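In case you want the letters, here they are:
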Amino acid sequence: MDTVLDPSTRPSTPVSGSAGTRLTLPVEGMSCASCVGRVERALAALPGAVDVSVNLATGRASLVLPESVPASRAVEAIHEAGYDVPESVTAVAVEGMSCASCVGRVERALLALPGAVAASVNLATGRAELRHAAGIVSVSDVEAAVRRAGYEPRPLDAAPDTSHEERQEREAAALRRDLTIAAILTSPVVVLDMGGHLLPGFHHAVTGVLGASGLAWLQAVLATAVLAGPGRRFFRIGVPNLLRGHPDMNALVALGAGAAYLFSLVSTAAPRLLPEGAAHLYFEASVLIVTLILLGRTLEARAKGRAGAAIARLIDLSPKTARLVEEGSEREVPASDLRIGDRVRVRPGERVPADGTVTAGSSFVDESMITGEPVPVEKGMGTRVVGGTLNTTGSFDLTVDRTGADTALARIVRMVEEAQGGKLPIQALVDRVTLWFVPAVIAVAVLTFLAWLVFAPAPAFGHALVAAISVLIIACPCAMGLATPVSIMVGTGRAAERGVLFRQGAALQALREARVIALDKTGTLTEGRPRLTDLVTVPGFTREEVLALAGAVEARSEHPVARAIAEAAREAGAVPETEAFEAVPGHGVSARIEGRPVALGNRRFMGRLGVATDTLEADAARLAGEGKSPIFAAVDGRLAALLAVADPVKPEARTALDALRTRGLTVAMLTGDTRATAEAVARSLGITEVEAEVLPEGKVAALRRLREAHGPIAFVGDGINDAPALAEADIGIAIGTGTDIAVESADVVLMSGALGGLVEAVALSRATLANIRQNLFWAFAYNVALIPVAAGVLTIFGGPQLSPVLAAGAMALSSVFVVGNALRLRRAGA
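Quick caveat, the model's predicted, so the values are computed rather than measured. (Residues numbered from 1 in each chain as written. Predicted model: local features only at pLDDT ≥ 70, side-chain atom pairs only at ≥ 80, totals over all residues. Heavy atoms only, no water.)

Caption draft 1: Looking closely at the sheet that holds strand S26 (residues 638-646). With antiparallel pairing, the six strands of this open sheet are ordered in space as S21-S26-S25-S24-S23-S22. The sheet is open, and its two edges are formed by strand S21 (531-537) and strand S22 (579-584), each paired on a single side. The sheet shows a mean angle of 20° between the axes of neighbouring strands, taken without regard to direction. Inspection of the sheet shows strand S24 (residues 596-601) paired to strand S25 (residues 629-635) by four bridges, in the antiparallel sense. When the bridges of S25 are listed, Leu600 appears paired with Ala633. (Pairing = 2+ DSSP bridges. Helix = DSSP H or I, 4+ residues; strand = E, 2+ residues; numbered from the N terminus. Axes fitted to C-alpha atoms, helices over the stretch in contact; angles between N-to-C directions.)

Structure, rendered in structure tokens:
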């Protein structure tokens, strides 16, 4: 989407016939006429402010400010008056960025806009975001700032589609075309210049046909075609940025290739202008620099396309058509035309066209694209299905309840895109370095040139030029700019394929740094659905008899424990009718079934009824120690059985927690359940840190205690009552099968609800951060090691001087290496 703005806001607009700008700002917190007056007075006090008006009904303030007063002063005045101006985020796509230096330049241009709070630009995704006070900055303002920085903005699309991938493919196709042309034109130059080194007599044969001057002019014509054609992209962007005083990678290439070309052209056309013995041809260096860097960019674009393949695959899962059922007949319509309430038929082998609820039929649906779980899930009447999932065996009808950008698939794509476009705290180091990197490289190149002229034996001009060009070419900061964002792109994409959604890129680093994993019990460690686990009868009663009677009584109760018993009874057979049902809060329930009195409850309830429970007390104590809830059953006034209900621990929970512990993490459990139940579950899972009988605010306090004792903490939960804890934790992880509130409060979402996803999340965060560190090390170490070599340090010790051609090849390979290393994350996981 282009922007996320308050619909009531409008950007600042020039006032016709006036030396001022009208601002319209949303204001939050006003509740009466007194508030309006306070805001008006604060704005009217600004230098030169006129036509100030504040509207309580619309919650907007309007004024005209002179050009000399920044719009941010109006925002500050409103804040000082005690009210808020909400923030908005405006996002655009940026074309033409090639290195970390470009990223820094665009960010500085955006931060210069009035009301700007923070800017984030991602080289890998080509996405720029500006967080700013609402109503001050428009999309056109952001686009203008991007253009002033020397790059071309493009609007982002409101709904997920393939436009980003199409732009990437167009850019890759243009690179392939330019590379092909450059290679065809460069080959003769290289052959004419270097053929004599490979074939004895080749150089004499060519000069015999063309003459020395003709040979030089032929190379000049071909080199001109390369630089003016395929190489024009470097000059078109690099030269204007150089003239603005903001050189980037394109400027370095333009300087290097341009210097080699111009020197060779002077050597060909007017050699007398150069020092004696300094006239040499470097046409092959100029064209090979362009060709090799185009090769590197082509390989890089291909690799970046694979890096973003996760989103493309997700988008491709959404079917383009749907079978709409109307008045008993069905017709095929575009899936984009579906509306909420439409009835859609899904046949075997088809993908579900939209989110909805099954209203007829049944089937098994493969939801692996959402949850990462390969086993198809049974769907029947009343169950929800997700658009994009694959129907396997049966056929069913569904009623559409979400379409377009509101579907689960669209939200997932949006989350992954936002995460891929984000920045990690570790990126701050790169930003600080690259801010001055390119100017520093140009300075080093100039010093290198002067040092060769001063200290090298004559004729040194050619060697000085070669060394300066090598420095310019080899130090391009492409690898630095790609080191972090490409790893984030691949890591978050891989996580999405495994059913783990990182809602923001920074969550990768936060989870990597967590030292404690605290988990809620019910619905997170357990299945969240109590079940009848045990039924112990006394002599004279059978299991079937007691279960049918108990289920009949409990079917009248709404208590979760009662529902578990009633469900077990219905699964076992028919449940008889009840009469004279009575519930005693805190004790139990009773009823008459076919004239027989039946009661279920705790020990106190049995005592009130005069029923002795001695024979089953030992079993009750044992079951309670296992974390189960024991319930006594009496029939005809005497003890009949002991039932136990428990919320079973998820089958994979122990394995998952053991895997976390082997990774050096402390595992804790927070729950509002009784201490006996909590400790029983903790024992079965090997958890030693337990906080039981805590309310939602108690979970927040428990997290703070754990943080003080162990360090950064991650919390895993699924319910509404977990939202405060998810927000308090250093990183909140929500079970995707839980409530929307919990999911919205979290930084990471485990779509399947299985705890194996938690291990995947930890493993992927660690692998991604390790990958980023490897990339950053390579990018920085590469420049630190090779800039001196390019400057000619090795010649002091009798070594060779680095050729600009080799410098161009090394620079191209550095970017390809970084992207290739990031692509290894596609195989990462637990």
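Read on for the rest.
Caption draft 2: Representation of unusual backbone geometry in the model. We note that Asp51 has phi near 55°; this positive angle belongs to a residue other than glycine. Along the polypeptide, Asp51 turns up in strand S4 (residues 50-55). Residue classification places Asp51 among the partly exposed positions, given a relative accessible area of 48%. In the Ramachandran plot, Glu594 falls in the positive-phi region, its phi being about 55° despite a non-glycine side chain. Take Glu594: it is sitting in the loop between strand S23 (588-593) and S24. Overall, the relative accessible area of 69% leaves Glu594 in the exposed class. (Buried < 20%, exposed > 50% of the residue type's maximum accessible area, 1.4 Å probe, protein only.)

Caption draft 3: Spotlight on the packing of helix H16 (residues 506-513) against helix H27 (residues 756-791). Taken N-terminus to C-terminus, the directions of H16 and H27 make an angle of 105°; their axes are 8 Å apart at the nearest point. The orientation of H16 with respect to H27, classified from their angle, is roughly perpendicular. Across from Leu508, Gln509, Leu511 and Arg512 in H16, the residues of H27 making contact are Ala761, Val762, Leu764, Ser765, Arg766, Thr768, Leu769 and Arg773. Taken together, the residues that form the contact of H16 with H27 break down as six nonpolar, three polar and three charged. (Parallel < 35°, antiparallel > 145°, perpendicular 65-115°, else oblique. Contact = heavy atoms within 4.5 Å. Nonpolar A, V, L, I, M, F, W, Y, C, P; charged D, E, K, R; others polar.)

Caption draft 4: Quick peek at the packing of aromatic side chains. Applying the stated criterion across every chain, the model contains two aromatic pairs. Seen from their ring centres, Trp778 and Phe817 are 4.4 Å apart, and the 35° between their planes marks the pair as tilted. Of this pair, Trp778 sits in helix H27 while Phe817 sits in helix H29 (residues 804-823), and the two are 39 residues apart along the sequence. Among the residues examined, Trp778 registers a relative accessible area of 31% and is labelled partly exposed. Classification of Phe817 by relative accessible area gives partly exposed; the value is 40%. (Phe/Tyr/Trp six-rings, centres within 6.5 Å; stacked < 30°, edge-to-face > 60°.)

Caption draft 5: Focus on the UniProt feature "transmembrane region" (unreviewed entry) in the protein. Taking the numbering used here, the UniProt-annotated feature "transmembrane region" (unreviewed entry) corresponds to residues 179-199, 205-228, 249-267, 279-296, 433-455, 461-484, 776-799 and 805-823. When the span residues 776-799 is considered, its composition is 83% helix and 0% strand, and the gap between its end C-alpha atoms is 29 Å. (UniProt positions renumbered as here; feature names shortened; annotations may be inferred.)

Caption draft 6: Just a nonpolar patch on the surface, in detail. A surface patch of nonpolar side chains, about 630 Å² in accessible area, is lined by Val446, Leu447, Leu450, Leu453, Val454 and Phe455. Looking at the secondary structure, you find Val454 in helix H13 (residues 427-455). (Patch = residues over 30% accessible without salt bridge, like charges linked within 9 Å, V, L, I, M, F, W, Y side chains within 5 Å. Areas by Shrake-Rupley, 256 points an atom, 1.4 Å probe, with all protein chains shown as cover. Salt bridge = Lys/Arg side-chain N within 4 Å of Asp/Glu carboxyl O.)

Caption draft 7: Representation of the environment of Leu665. As for its position among the elements, Leu665 is in the loop between helix H22 (653-662) and strand S27 (666-670). Taking C-alpha positions, Leu665 is 5.3 Å from Arg515, a pair spaced 150 residues apart along the chain. Residues contacting Leu665, with those up to four places away along its chain left out, are Ala514, Arg515, Val516, Ile517, Leu660, Val762 and Arg766.

Caption draft 8: Representation of the sheet that holds strand S30 (residues 731-735) within the structure. Strands sit in the order S19-S31-S30-S29-S20-S27-S28 across an open sheet of seven strands; the sheet is mixed. Because the sheet does not close on itself, it has two edges, and the strands there are strand S19 (500-502) and strand S28 (689-691). Averaged over all pairs of adjacent strands, the angle between strand axes in this sheet comes to 20°, irrespective of strand direction. Relative to strand S31 (residues 748-750), S30 runs parallel, the two sharing three bridges. Counted as the bridge partner of Ile733 is Val748 from S31.

Caption draft 9: H27, seen in detail. Between its terminal C-alpha atoms H27 stretches 52 Å, which fits the 52 Å expected from 36 residues at 1.5 Å a residue. One or two steps after H27, the chain reaches Gly792, where phi turns positive at roughly 105°. (Expected span 1.5 Å × (residues − 1).)

Caption draft 10: Broad picture of the pairing of S23. Counting buried residues in S23 gives five out of six residues, a clear majority hidden from the surface. When S22 meets S23, the two strands line up antiparallel, connected through four bridges. The partner of Glu582 across the bridge, within S23, is Ser590. Two strands pair when backbone bridges link them, and S23 and S24 are joined in this way by six bridges, in the antiparallel orientation. The partner of Ser590 across the bridge, within S24, is Ala599.

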